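Survey of secondary and tertiary structure
Residue-level listing of the chains:
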Amino acid sequence: MYENNFVSVVVAAAGMSNRMRSRINKQFIFIDNKPVLAHTLEKFEMCKYVDEIIIVAKEDEIEYCKKEIVKKYDFKKVSKVVKGGKERQDSVYNGLLALDKECEIVLIHDGARPFIKVKNIEDGIEGVIKYGACVVGVPVKDTIKIVSDNNDVMNTPDRSQIWAAQTPQCFLRHIIMQAYKAALDDDFTGTDDSMLVERIGVDVKMIMGSYENIKITTPDDLIVAESMLKGKEIIFKKRNFVFEGR
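Residues numbered from 1 in each chain as written. Predicted model: local features only at pLDDT ≥ 70, side-chain atom pairs only at ≥ 80, totals over all residues. Heavy atoms only, no water.

A short note on the confidence of the model for the protein
Note the cut-off: Think of pLDDT as the predictor's per-residue confidence, scored from 0 to 100. It only takes one pair of heavy atoms within 4.5 Å for two residues to be counted as in contact.
Per-chain confidence: the protein averages 91 in pLDDT, with 89% of residues scoring 70 or above. The model gives residues 234-239 a pLDDT under 50, and that stretch makes zero contacts with residues more than four places away or in other chains.

What to know about the packing of aromatic side chains
Worth spelling out the cut-off: What counts as a ring pair is set by centres within 6.5 Å for rings of Phe, Tyr and Trp (its six-membered ring), and what kind of pair is set by the plane angle: stacked under 30 degrees, edge-to-face over 60, tilted for all other angles. Secondary structure follows DSSP: runs of H or I at least 4 residues long count as helices, runs of E at least 2 residues long count as strands, and numbering of each begins at the N terminus. Charges are assigned to positions over rings by a cutoff of 6 Å between ring centre and Lys NZ or Arg CZ, combined with an angular limit of 35 degrees from the ring normal.
By the definition in use, this model includes three aromatic pairs. Taking 4.9 Å as the distance between ring centres and 65° as the angle between the ring planes, the aromatic pair formed by Phe28 and Tyr64 counts as edge-to-face. In this pair, Phe28 is assigned in the loop between β1 (7-13) and β2 (30-31) and Tyr64 in helix α2 (residues 62-71), connecting sequence segments 36 residues apart. A cation over a ring is seen here: Lys141 above Tyr211, with NZ or CZ 4.1 Å from the ring centre. The side chain of Arg199 reaches across the aromatic face of Phe188, ending 4.3 Å from its centre.

Here we look at the state of the cysteines
The following threshold applies: Disulfide assignment relies on a single distance test, namely cysteine sulfur atoms paired within 2.5 Å. Whether a residue is buried, partly exposed or exposed follows from its accessible area with a 1.4 Å probe, protein chains only, as a fraction of its type maximum: under 20%, in between, or over 50%, in that order.
On inspection of all chains with the given rule, the structure shows zero disulfides. We note that Cys134 lacks a disulfide partner, and the nearest cysteine sulfur, in Cys170, lies 4.3 Å from it. Judged by its relative accessible area of 0%, Cys134 falls in the buried class.

Let's talk about helix α4 (residues 118-131)
An α-helical turn contains 3.6 residues, so a residue and the one three or four places further along point in the same direction. Convention followed: One less than the residue count of a helix, multiplied by 1.5 Å, gives the span that helix is expected to have.
Given a rise of 1.5 Å per residue, 14 residues ought to cover 20 Å, and the 20 Å separating the end C-alpha atoms of α4 matches this to within 8%. Residues Val118, Asn120, Ile121, Gly124, Ile125, Gly127 and Val128 constitute the buried set of α4. Buried residues in α4 make contact with β1, α1 (36-46), β6 (105-110), β7 (133-139), β10 (163-172) and β11 (205-208). Looking at the residues trailing α4, positive phi occurs at Gly132, about 95°.

So, the pattern of salt bridges
Pairs can form between side chains of opposite charge once their charged atoms are near each other. Which entries qualify depends on this criterion: Any Lys or Arg side-chain nitrogen located within 4 Å of an Asp or Glu carboxyl oxygen qualifies as a salt bridge.
What the rule picks out here adds up to 11 salt bridges. In this structure, the salt-bridge partner of Asp110 is Arg88, at a minimum N-O distance of 3.1 Å. Here Arg88 lies in helix α3 (residues 88-97) and Asp110 lies in strand β6, a separation of 22 residues in the sequence. For Arg88, a relative accessible area of 29% puts it in the partly exposed group. Close ionic contact of Arg113 with Asp110 constitutes a salt bridge, the shortest N to O distance being 3.1 Å. Here Asp110 falls in the buried class, since its relative accessible area comes to 8%. Members of the salt-bridge network, linked through shared partners, are Arg88, Asp110, Arg113 and Asp193.

Here it is as structure tokens:
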């Protein structure tokens, strides 16, 4: 089913990283001896249904990205590294304009989400084929409060109906292009790609993602990321020890 659809991935990696308080872009910070962005790209490179990857980077980081990420780690599916815009929405649109003409399905992913699972990528592609538009996400665990400007609690929505949206966010090409063009015409800025699709009247399906699919934004997130990787390494070694012991 997947083989008949050309799948492109736009990876947004042009953020300013202000909350990271780092001298370098958070995409290029190393975790477990590899840049965050390389961890992210690796998952899409591994997915056999992905045909091309387009990276959107800050203009002054494009050559660095090509040399120190794409070439160094031999990512063969990366077809282009294009420059970002003022806002994330502008950057993603630049990536959409660079899509291969054969592209039918588009996945939009944050470069700073290195723990996306290949299964979630495949589920996103399947979701597009079934529904036309879908978002990877997880049900919230905490109770959510709606508050006023002066922090008074206004109401408490039903937690069972609230999900945290993640990426990739996945769409048929013509749907996401229509949504972005409408946002551009209306001078509208959304908080994610799905919001732009929702506002043109297209239903978006939420599909189950993973709580591990965190976005690395602050120094604390780096500590969590390192811990997650170390934990997986320990589990792998234990499993390997059991296997060899047999």
